Amino acid sequence: MSANALANQKYGLLIHYDFCTGCHSCEMACKKEYGLEQDQFGIKVAQYGPVQNSEKKWEFFYMPMLTDLCTLCAPRVAEGKLPTCVHHCQAKVMQYGTIDELAEQLKLTPKSALFAPKCNA
(Lines give C-alpha, C1' and ligand atoms only; values in the text may rest on other atoms or scores of the structure.)
Protein backbone atom coordinates (compact mmCIF):
# COMPACT_ATOMS: atom_id res chain seq x y z
CA MET A 1 0.00 0.00 0.00
CA SER A 2 1.37 3.45 -0.88
CA ALA A 3 2.15 6.11 1.71
CA ASN A 4 -0.67 8.23 0.28
CA ALA A 5 -3.14 5.37 0.67
CA LEU A 6 -1.97 4.81 4.26
CA ALA A 7 -2.45 8.52 5.05
CA ASN A 8 -6.03 8.34 3.78
CA GLN A 9 -6.98 5.40 5.99
CA LYS A 10 -10.02 5.93 8.20
CA TYR A 11 -9.85 4.61 11.76
CA GLY A 12 -12.48 3.54 14.23
CA LEU A 13 -13.41 1.33 17.15
CA LEU A 14 -14.98 -2.10 17.13
CA ILE A 15 -16.84 -2.75 20.37
CA HIS A 16 -17.92 -6.25 21.38
CA TYR A 17 -20.86 -5.16 23.51
CA ASP A 18 -21.88 -8.69 24.47
CA PHE A 19 -18.91 -8.70 26.86
CA CYS A 20 -18.98 -5.09 28.11
CA THR A 21 -19.45 -5.12 31.90
CA GLY A 22 -20.60 -1.50 32.11
CA CYS A 23 -17.69 -0.51 34.36
CA HIS A 24 -17.46 2.97 32.74
CA SER A 25 -13.63 2.83 32.72
CA CYS A 26 -13.67 4.06 29.11
CA GLU A 27 -15.74 7.10 30.09
CA MET A 28 -13.53 7.98 33.05
CA ALA A 29 -10.30 7.52 31.07
CA CYS A 30 -11.59 9.83 28.32
CA LYS A 31 -12.76 12.48 30.80
CA LYS A 32 -9.40 12.44 32.58
CA GLU A 33 -7.36 12.46 29.36
CA TYR A 34 -9.19 15.49 27.96
CA GLY A 35 -10.37 17.25 31.13
CA LEU A 36 -14.01 17.06 30.08
CA GLU A 37 -16.72 18.65 32.21
CA GLN A 38 -19.13 16.47 34.22
CA ASP A 39 -21.79 16.48 31.49
CA GLN A 40 -19.38 16.06 28.55
CA PHE A 41 -18.34 12.71 27.13
CA GLY A 42 -16.10 11.51 24.32
CA ILE A 43 -17.52 8.05 24.94
CA LYS A 44 -20.66 7.23 26.91
CA VAL A 45 -21.86 3.84 28.15
CA ALA A 46 -25.55 3.21 27.48
CA GLN A 47 -27.54 0.47 29.18
CA TYR A 48 -30.28 -1.68 27.68
CA GLY A 49 -32.46 -3.85 29.88
CA PRO A 50 -33.12 -5.96 31.68
CA VAL A 51 -35.90 -6.70 29.19
CA GLN A 52 -37.61 -10.01 28.55
CA ASN A 53 -37.81 -10.49 24.78
CA SER A 54 -40.43 -12.38 22.75
CA GLU A 55 -38.48 -15.63 23.15
CA LYS A 56 -38.84 -15.28 26.94
CA LYS A 57 -35.12 -14.67 27.26
CA TRP A 58 -33.73 -11.80 29.26
CA GLU A 59 -31.59 -9.18 27.54
CA PHE A 60 -29.30 -6.88 29.46
CA PHE A 61 -26.21 -5.27 28.00
CA TYR A 62 -24.08 -2.17 27.98
CA MET A 63 -22.94 -0.33 24.89
CA PRO A 64 -20.13 2.22 24.89
CA MET A 65 -20.94 4.81 22.21
CA LEU A 66 -18.67 7.48 20.77
CA THR A 67 -19.83 11.10 20.77
CA ASP A 68 -18.88 13.98 18.49
CA LEU A 69 -16.19 14.94 21.05
CA CYS A 70 -14.26 11.75 20.28
CA THR A 71 -11.06 12.30 18.28
CA LEU A 72 -9.91 8.70 18.70
CA CYS A 73 -7.21 10.27 20.91
CA ALA A 74 -5.27 11.61 17.93
CA PRO A 75 -2.40 12.97 20.11
CA ARG A 76 -2.03 9.61 21.93
CA VAL A 77 -2.20 7.63 18.72
CA ALA A 78 0.45 9.91 17.14
CA GLU A 79 2.73 8.85 20.02
CA GLY A 80 2.12 5.18 19.19
CA LYS A 81 -0.38 4.60 22.01
CA LEU A 82 -3.91 3.22 21.86
CA PRO A 83 -6.88 5.54 22.42
CA THR A 84 -7.29 5.91 26.17
CA CYS A 85 -10.72 4.18 26.20
CA VAL A 86 -9.23 1.11 24.51
CA HIS A 87 -6.19 1.14 26.80
CA HIS A 88 -8.31 1.34 29.97
CA CYS A 89 -11.15 -1.03 29.00
CA GLN A 90 -11.28 -3.52 31.86
CA ALA A 91 -13.09 -6.20 29.83
CA LYS A 92 -10.92 -5.68 26.71
CA VAL A 93 -13.98 -5.39 24.48
CA MET A 94 -12.64 -2.54 22.31
CA GLN A 95 -10.42 -2.75 19.27
CA TYR A 96 -8.79 0.18 17.48
CA GLY A 97 -7.84 -0.07 13.82
CA THR A 98 -8.63 0.89 10.29
CA ILE A 99 -12.26 0.75 9.27
CA ASP A 100 -11.38 -1.92 6.69
CA GLU A 101 -9.64 -4.14 9.27
CA LEU A 102 -12.41 -3.70 11.81
CA ALA A 103 -15.14 -4.37 9.24
CA GLU A 104 -13.51 -7.72 8.48
CA GLN A 105 -13.38 -8.51 12.21
CA LEU A 106 -17.03 -7.43 12.57
CA LYS A 107 -18.08 -10.20 10.19
CA LEU A 108 -16.71 -12.74 12.67
CA THR A 109 -18.02 -11.28 15.92
CA PRO A 110 -21.73 -11.19 16.67
CA LYS A 111 -23.06 -8.52 19.04
CA SER A 112 -20.43 -6.02 18.01
CA ALA A 113 -20.65 -2.49 16.66
CA LEU A 114 -18.24 -0.54 14.49
CA PHE A 115 -17.86 3.19 15.12
CA ALA A 116 -16.27 5.59 12.66
CA PRO A 117 -16.12 8.89 14.57
CA LYS A 118 -16.82 12.25 13.02
CA CYS A 119 -13.11 13.14 13.29
CA ASN A 120 -12.54 10.75 10.36
CA ALA A 121 -14.73 12.81 8.01
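If you're wondering where the values come from, they're calculated on a predicted model, not measured in any experiment.

**Q** Pulling in residues and values, what's your account of helix H2 (residues 25-34)?
**A** All of the buried residues along H2 are Ser25, Cys26, Glu27, Ala29, Cys30 and Lys31. Elements that come into contact with the buried residues of H2 comprise strand E2 (43-52), strand E3 (58-66), helix H4 (84-88) and strand E4 (94-98). Downstream of H2 by a residue or two, glycine 35 has a phi angle that is positive, lying close to 60°.

**Q** Tell me what's going on with the packing of aromatic side chains, and back it up with residues and numbers.
**A** The description of two aromatic rings rests on the distance between their centres and on the angle between their planes. Throughout the structure, instances matching the rule amount to 4 aromatic pairs. On the basis of an interplanar angle of 10° and a centroid distance of 5.5 Å, the ring pair of tyrosine 11 and tyrosine 96 is categorised as stacked. One end of the pair, tyrosine 11, is in strand E1 (residues 11-15); the other, tyrosine 96, is in strand E4, and 85 residues separate them in sequence. Positioned above the aromatic ring of phenylalanine 41 is the side chain of lysine 31, whose terminal nitrogen or guanidinium carbon lies 4.2 Å from the ring centre. Above the plane of the ring of phenylalanine 41 lies lysine 44, whose end atom (NZ or CZ) is 4.2 Å from the centre.

What counts and what doesn't
Residues numbered from 1 in each chain as written. Predicted model: local features only at pLDDT ≥ 70, side-chain atom pairs only at ≥ 80, totals over all residues. Heavy atoms only, no water. Buried < 20%, exposed > 50% of the residue type's maximum accessible area, 1.4 Å probe, protein only. Helix = DSSP H or I, 4+ residues; strand = E, 2+ residues; numbered from the N terminus. Contact = heavy atoms within 4.5 Å. Phe/Tyr/Trp six-rings, centres within 6.5 Å; stacked < 30°, edge-to-face > 60°. Lys NZ or Arg CZ within 6 Å of the ring centre and 35° of its normal.

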